[in-house]
Amino acid sequence: PYIGDDYLVDSLPECTTSFGASAPAVGDIDGDGSPEIIVGGGTDDTTIGYIYVWESDGSRKDGFPITVPNVPWGSPAIANLDDDTTDLEFVIFVVNEGLYAFDDEGNILPGWPVPMSELGYCDGIRTPSLADLDGDGKSEIIFLTDEKLSVIKGDGTMWDGFPVDIGNVEWSAPVIADIDGDSALEILAPNTNQLLAYELTGEPIITGYPLPCGIDIMASPTIEDIDGDGLLEILVPAYDSKLYAWRTFSPADTSLMPWTTHRGNMRRSATLLPSHTNSIVEKTKPAQIALSIVPNPFNSTCRINASLPNDGTLEIFDIIGRSIARWKIRAGNYIVLWDGSDYLKKKMPSGLYFVRLNSGNMQSAKHILLLK
């Protein structure tokens, strides 16, 4: 990439193979502390498709590009899909073939690809959505074709209750958040000219849904608290040049907002970071409240260990007492990874922050130092 006549790195820009329909995804897939850039690069004259990965300095990552049987028809998405949390994996749709998942070295993951026979017919550009739906630290893939809404586990098998036959002939993608205020995640999926909502069992939410536009929805919806009242709104532009918005009664709880817009976040990086995953490490209820943080100080991600005998909240405040991040947590022992982001996924500056854990009438608090 370059600005004017000044190149930022010597080895870019670089041509990919033929015409592609893939925006870059950016994330640290190999755990070296620097992000990589992943993009689908079209096909050669034999219809073999290519997937490219570059290091942050512009050099090609070893082992890439890799080949797939057809054109990568959509953007990749990055998350942890397996038991190895030291690196990340990525998924990408390949036209007429299915959904593929690769590790950081370009190897296809066991159980993949998921073929079109399971996903349903698809004639368009499709980008996967991601969320850890069961709190096991491994992301699920939520994917919409012309015929079906699918939820796929990291091992390539279908989540119970899916796929469901709704489909979307347009090219927009689903989003995931708590949209009905029950402290559980739901899936909001475009269906040509309306938005449908689904529980994680595959059952449709009937009360208040679908949300009609009356005309084709060409883009993915966004879920956000746009008026600062602490409750979420749902927004989507439609083909009549209008922006539609609906109010919900669901609190804007960032722990229940893993993928709330196209490509996951306002940076469009298409990466689900571990900090957006609350992983239950023990199901027994502890007798006492406990809170610890490591490392402290930290400069990228810290691990917050929280034990709650009763349902409660974990909240982070800045030096003047403003709440910048909050999670609702059920009774149990948890690990929460915080990457220094606030409610809007904006990185906070270096400084002193306070972490408070509430469980019933019990409370524990710690300070934490972020150094960049």
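For the structure, see preceding data.
Bear in mind that the values here come from a model prediction, so they are computed numbers and not experimental data. (Residues numbered from 1 in each chain as written. Predicted model: local features only at pLDDT ≥ 70, side-chain atom pairs only at ≥ 80, totals over all residues. Heavy atoms only, no water.)

**Q** An account of the sheet that holds strand S13 (residues 149-152) is requested, with residue identities and associated values reported.
**A** On the basis of which strands lie adjacent, the open sheet formed by three strands has the order S11-S12-S13 and antiparallel pairing. Edge positions in the open sheet fall to strand S11 (129-131) and S13, since each of these has one partner strand only. The sheet shows a mean angle of 25° between the axes of neighbouring strands, direction not considered. In the sheet, strand S12 (residues 140-144) pairs with S13 via four bridges, with the strands oriented antiparallel. Bridge pairing in S13 places Leu144 opposite Leu149. (Pairing = 2+ DSSP bridges. Helix = DSSP H or I, 4+ residues; strand = E, 2+ residues; numbered from the N terminus. Axes fitted to C-alpha atoms, helices over the stretch in contact; angles between N-to-C directions.)

**Q** Any chance you could break down the side chain of Glu233 for me, citing the residues and the numbers?
**A** The residue Glu233 is located in strand S19 (residues 231-237) in this model. Within polar-contact distance, the side chain of Glu233 engages the backbone nitrogen of Ile226 at 2.8 Å. Those residues in contact with Glu233, other than ones at most four positions away along the chain, are Thr222, Ile223, Glu224, Asp225, Ile226, Asp227, Trp246 and Arg247. (Polar contact = N/O pair within 3.5 Å; in protein donor to acceptor, adjacent residues only side chain to side chain. Contact = heavy atoms within 4.5 Å.)

**Q** Report on the sheet that holds strand S20 (residues 243-251), specifying residues and quantitative values.
**A** Strand order in the open sheet made by the three strands is S18-S19-S20, with antiparallel pairing throughout. The outermost strands of the open sheet, each flanked by one partner alone, are strand S18 (222-224) and S20. Strand-to-strand twist of the sheet, defined as the mean angle between neighbouring strand axes without regard to direction, takes the value 25°. In the sheet, S19 pairs with S20 via six bridges, with the strands oriented antiparallel. Following the sheet pairing, Ile234 is matched in S20 by Trp246.

**Q** Report on the pattern of salt bridges, specifying residues and quantitative values.
**A** A complete count under the given rule lists nine salt bridges for this structure. As a salt-bridge pair, Glu55 and Lys61 come within 3.9 Å of each other at their nearest N and O atoms. Lys61 matches Glu55 in its accessibility class, with the two residues each being buried. Between Arg322 and Asp318 there is a salt bridge, with its nearest N and O atoms 2.7 Å apart. According to the relative accessible area criterion, Arg322 is exposed, its value standing at 52%. (Salt bridge = Lys/Arg side-chain N within 4 Å of Asp/Glu carboxyl O. Buried < 20%, exposed > 50% of the residue type's maximum accessible area, 1.4 Å probe, protein only.)

**Q** Residue-level account of the packing of aromatic side chains, with values.
**A** Ring pairs (aromatic) are described by centroid distance and by the angle formed between their planes. Scanning the entire structure with this criterion turns up eight aromatic pairs. An angle of 10° between the planes, with centres 5.6 Å apart, marks the rings of Tyr52 and Trp54 as stacked. With a centroid separation of 5.7 Å and 55° between ring planes, the pair formed by Phe298 and Trp338 is classed as tilted. In this pair, Phe298 is assigned in the loop between strand S22 (290-294) and strand S23 (302-308) and Trp338 in strand S26 (residues 332-338), connecting sequence segments 40 residues apart. For the pair shown, Phe298 and Trp338 are each scored as buried. Cluster of aromatic residues (ring-pair linked, three or more members): Tyr50, Tyr52 and Trp54. (Phe/Tyr/Trp six-rings, centres within 6.5 Å; stacked < 30°, edge-to-face > 60°.)

**Q** Now, about the environment of Lys61: what can you tell me, with residues and values included?
**A** Looking at the secondary structure, you find Lys61 in the loop between strand S5 (49-54) and strand S6 (66-68). Linking Lys61 and Gly106, residues 45 residues apart in sequence, is a C-alpha distance of 9.8 Å. Non-local contacts of Lys61, meaning those with residues more than four positions away in its chain, are made with Ile29, Asp30, Glu36, Val53, Trp54, Glu55 and Asp104.

**Q** Outline the pairing of S5, listing residues and values.
**A** Most of S5 is tucked away, with six of its six residues classed as buried. The alternating pattern of S5 places Gly49, Ile51 and Val53 and Tyr50, Tyr52 and Trp54 on opposite faces, both of which are buried. From the end of strand S4 (residues 36-43) to the start of S5, which pair antiparallel, there are five residues, and Thr47 there has a positive phi angle of about 70°. Across three bridges, the pairing between S5 and S6 is antiparallel. Looking across to S6, one finds that Gly49 is bridged to Val68.

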